[in-house]
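Each chain, letter by letter, is given below.
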Amino acid sequence: MERRPAIDYEKDLNPRQLQAVTTIEGPQLVIAGAGTGKTRTLVYRVAYLVERGVSPESVLLLTFTRKAAQEMMRRAATMLDARCALVTGGTFHSFANLVLRRYAPEFDFSSRFTIVDRSDAEDIVNLIRTELGLQGKDRRFPRKSALVNIFSRVVNTGKSYEQVLEEEYPQFSDELEAIAQVAAAYTAYKQRHAVMDYDDLLVHLARLLREKDTVRKRLSNDHRYVMVDEFQDTNPLQAEIAYQLASEHRNIAVVGDDAQSIYSFRGADFRNIMDFPKRFPDCLITTLEQNYRSTQPILSLTNAIIANAREKFTKQLFSQLPGGRKPVYLRPAGTEQQAVRVVQEIRRLRGDGVAAGEIAVLFRAAWHSNELEVMLKRGGIEFIKYGGLKFVESAHIKDLLALLRVLFNPRDGVAWYRILLLIEGIGPTSAKQIIARIVGAGEGFEALTHKTFAKRKYGKDLGALRAALEQVGEPGVTPTTAVTALMDHYRPIMEQKYDDAHKRVNDLASLIQIADNYTSLEALLSDLTLEPPEQALAGRAAASDGADRIVLSTIHSAKGLEWHSVFIIHLVDGYLPSSYAFYKTDSLEEERRLFYVAATRAKENLYLSAPQTASGNSFYNPDIGGPSRFLHEIQDLKTLTKRVN
DNA sequence: CGCTTCTTCGTTTTT
DNA sequence: CGAAGAAGCG
Ligand SMILES: Nc1ncnc2c1ncn2[C@@H]1O[C@H](COP(=O)(O)OP(=O)(O)OP(=O)(O)O)[C@@H](O)[C@H]1O
């Protein structure tokens, strides 16, 4: 076992952190501002537990976002010795997936379920909507994306359909009954076809814990120490899961910052964090005020940003890090000049020896970096972009994945639908008939060569499909073998379908690379949905993995991370805050917190860029105007920042 | 079934 | 403005 120097807890932690780390029994809440060492407290606590003989597998670390989960698990793994790499954890969704693979049969669900992403969910809902004949020319029925949104809102907020419709979709409140009907059919479909959407993972896990006492006891006893990072981002469903997991021992430590709550759109409420002490009146509450990430000039600005929030628990932070430069305030003439300016500044930082991986550009919405990306490419600067069209969302990858999915779960109706529509001569009607035989009549692959279909003009193609699937489907195939074989089947189809097939072939090849890291098809498929390679498609082929590159990220995805130098671009009313939030107080408050999260990512350098003119999304372009109101409202902006051209 | 043409509608963030 | 959906034709 690799030896690392013993941890000196008293040296590495301040007294309050130390108390939180060494209090290992019972409930506790750490509520503290950005960069005060909340995650550090958690990972030291992991080491402390393991050092005292707690088995690492019984320590469970959970959080909502993938990036924060990765960061948390990565930091935990570097502690103490190799044992710390064995702690369980990740996102709530990935944990739910693991548990449900084992316990789904408890509620009559197949363990070999596949996980559907948003676009699959929309496709299913669309099928149902057509089948139920709910669209009419004079009828204003929600489109598929709205329906899926509504369903998800209901699940994540715990509100009723009635309430969600009234509050968020008043234009559809007449359709309550029909919407509920679609929802019921959607649920039935998912059970019949053994598929779960993202929300189902949480719903089913919560239900399992709530209703199956023996399972709850067992899981709770398996995970004697439950810890949740970024607790302000958990919604009621996730909070319930955490509480149930701790039900047998009450060893639950949660850390969070109400000022960084930015996921209300999926049911998180920053006030929820205050429910913890209500539920556990005897809990230890730790607050932290010293920031160890940023220099004082940056902190003075971020304190000023959050000071304008209406409601907040956390206090002013201070830093003892030496030196530091004032945040730079840029006012480029337009968005193109902004991109040029940022590239220029990045070059300067690189010249000064700042590593590329220590530089990040943050923004509100994925498309805000489009211009900058062009400029960076032109300048030969490599970058990683988080957000935007992902590798697994491109049509050809989805096609190939559909083939893998039916191999793993032959009942997966959406996957079949996608595969069948690729065949010339098969449209929605034939596809449904064929699927009815495969799944409904339980015939499996054999249905593909059933005499009804064999004599139709696409009979030969169905036969070839069956042969391809059966050839791979031998027990014990490795994911690599499966992907390679199905790629041989799919490639000619792709070449016929897409003009730019020669480019797409590279992506299929990267899928083989990815598959190489897996030993089971289940793990490959689950990961590709739950933790897909999040790099946008564009950069994939060019960039060698692990290379040190500039990061472009949405603010949401930057949560929990830190960089030496951070740029926040498009600090313009209409972008940040998003014009969508202008007229809702709560949303505006959340937009401010978003700005706060972005600014608190910076260790040494912070650049704020507010272009003087910014054309919005061309058509829907209201109120995009001056610098962000969150800059305006800061009284001492002039002294807190350095204006540079 | 697969194609074209016309109309309508919503617009952000994540798993 | 662009995507989704309705409608119509061969
Ligand atoms: N007591 C300490 N001594 C030295 N460095 C510390 C201490 N506490 C935290 N740090 C460092 O400060 C930085 C921020 O810590 P950490 O990421 O744990 O904060 P956080 O509270 O989780 O922040 P956020 O809420 O913004 O994600 C890290 O680089 C961490 O190593």
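**Q** What am I meant to see in the sheet that holds strand β8 (residues 284-288) here?
**A** Across a sheet, paired strands are connected by hydrogen bonds in the backbone, their directions being either parallel or antiparallel. Read across the sheet, 6 strands follow the order β3-β2-β6-β7-β1-β8 without closing on themselves; strand pairing throughout is parallel. The sheet is open, and its two borders are formed by β3 (88-91) and β8, each paired with just one other strand. Sheet twist, expressed as the average angle between the axes of neighbouring strands with direction ignored, equals 10°. Here strand β1 (residues 28-32) runs beside β8; their pairing, made up of 5 bridges, is parallel.

**Q** Can you walk me through the packing of aromatic side chains in this structure?
**A** To describe a pair of aromatic rings, you give the distance between the ring centres and the angle between the ring planes. According to the stated counting rule, one finds 17 aromatic pairs in the structure shown. Ring geometry for Tyr-169 against Phe-172: centres 6.2 Å apart, planes inclined by 20°, an arrangement best described as stacked. For the residue pair Tyr-169 and Phe-172, the accessibility class agrees, reading buried in each case. Where Phe-567 meets Tyr-607, the ring centres are 4.3 Å apart and the plane angle is 10°; that geometry is what we call stacked. With Phe-567 in strand β15 (residues 563-568) and Tyr-607 in strand β16 (residues 602-609), this residue pair connects regions lying 40 residues apart in the sequence. Residue Phe-567 shares its accessibility class with Tyr-607, and that shared class is buried. Three or more aromatic residues joined by ring pairs make a cluster, and in this case those are Phe-231, Tyr-243, Phe-276 and Phe-280. Above the plane of the ring of Tyr-580 lies Lys-584, whose end atom (NZ or CZ) is 5.2 Å from the centre.

**Q** How should I be thinking about the side chain of Asp-573 in this particular structure?
**A** As for its placement among the helices and strands, Asp-573 is situated in the loop between β15 and α27 (585-599). Asp-573 sits in the buried class, given a relative accessible area of 13%. Looking at Asp-573, its side chain comes within polar contact range of the main-chain nitrogen of Arg-629, at 2.7 Å.

**Q** What exactly am I supposed to notice about α27 here?
**A** One turn of an α-helix holds 3.6 residues; hence residues three or four places apart share an orientation. The end-to-end C-alpha separation of α27 is 21 Å, in line with the 21 Å expected for 15 residues at 1.5 Å each. On its buried side, α27 packs onto α14 (296-307), β12 (359-363), α26 (555-558), β15, β16 and α28 (629-632).

**Q** Hey, could you run me through helix α10 (residues 198-211) in this one?
**A** For α10, which comprises 14 residues, the first-to-last C-alpha distance of 20 Å matches the rise-based estimate of 20 Å (1.5 Å per residue) to within 8%. Those residues of α10 lying buried are Asp-199, Asp-200, Leu-201, Leu-202, His-204, Leu-205, Ala-206, Leu-208 and Leu-209. Its side-chain oxygen at 3.1 Å from the backbone nitrogen of Asp-199, Asp-197 defines the N-terminal cap of α10.

**Q** What is the right way to look at the pattern of salt bridges in this model?
**A** Two side chains with opposite charge may pair up if their charged atoms get near one another. In total, this model carries 43 salt bridges according to the counting rule given. Ionic pairing is found between Lys-432 and Glu-131, a salt bridge with its closest N-O pair at 3.8 Å. One end of the pair, Lys-432, is in helix α19 (residues 428-440); the other, Glu-131, is in helix α6 (residues 118-131), and 301 residues separate them in sequence. On the basis of relative accessible area, Glu-131 is assigned to the exposed category, the value being 57%. Within this structure, Asp-117, Asp-120, Lys-398, Arg-405 and Asp-412 form a network of salt bridges that share partners.

**Q** Can you walk me through the sheet that holds strand β13 (residues 383-386) in this structure?
**A** The 7 strands lie next to each other as β13-β14-β12-β15-β16-β11-β17, forming an open sheet whose pairing is parallel. Every interior strand has two partners, whereas the edge strands, β13 and β17 (642-644), have only one. On average, each strand axis in the sheet is tilted by 20° relative to the strand beside it, whichever way the strands run. For β12 and strand β14 (residues 550-554), the ladder comprises 4 bridges, and the chain directions are parallel. Within β14, the position partnered with Leu-362 by the bridge is Ser-553. Packed on one face of the sheet, helix α16 (residues 370-378) meets β12, β13 and β14 and runs near 160° to β13.

**Q** What's the story with the site of the ligand in this structure? I'm lost.
**A** The environment of the ligand is made up of 20 residues, and the closest members are Lys-38, Thr-39, Arg-40, Glu-562 and Arg-601. Interatomic distance of 2.8 Å between a side-chain N/O atom of Gln-17 and a nitrogen atom of the ligand. Interatomic distance of 2.8 Å between a side-chain N/O atom of Arg-293 and an oxygen atom of the ligand. Look at the ligand: alone it shows 630 Å² of surface, and the protein chains cover 86% of it. No other element matches helix α3 (residues 38-51), which puts 3 residues into the shell around the ligand. Of the residues belonging to the shell around the ligand, the class tally is 3 nonpolar, 9 polar and 8 charged.

Cut-off values and rules
- Residues numbered from 1 in each chain as written.
- Chains lettered and ligands numbered in written order.
- Predicted model: local features only at pLDDT ≥ 70, side-chain atom pairs only at ≥ 80, totals over all residues.
- Heavy atoms only, no water.
- Pairing = 2+ DSSP bridges.
- Helix = DSSP H or I, 4+ residues; strand = E, 2+ residues; numbered from the N terminus.
- Axes fitted to C-alpha atoms, helices over the stretch in contact; angles between N-to-C directions.
- Phe/Tyr/Trp six-rings, centres within 6.5 Å; stacked < 30°, edge-to-face > 60°.
- Buried < 20%, exposed > 50% of the residue type's maximum accessible area, 1.4 Å probe, protein only.
- Lys NZ or Arg CZ within 6 Å of the ring centre and 35° of its normal.
- Polar contact = N/O pair within 3.5 Å; in protein donor to acceptor, adjacent residues only side chain to side chain.
- Expected span 1.5 Å × (residues − 1).
- Contact = heavy atoms within 4.5 Å.
- Salt bridge = Lys/Arg side-chain N within 4 Å of Asp/Glu carboxyl O.
- Near = heavy atom within 4 Å.
- Areas by Shrake-Rupley, 256 points an atom, 1.4 Å probe, with all protein chains shown as cover.
- Nonpolar A, V, L, I, M, F, W, Y, C, P; charged D, E, K, R; others polar.

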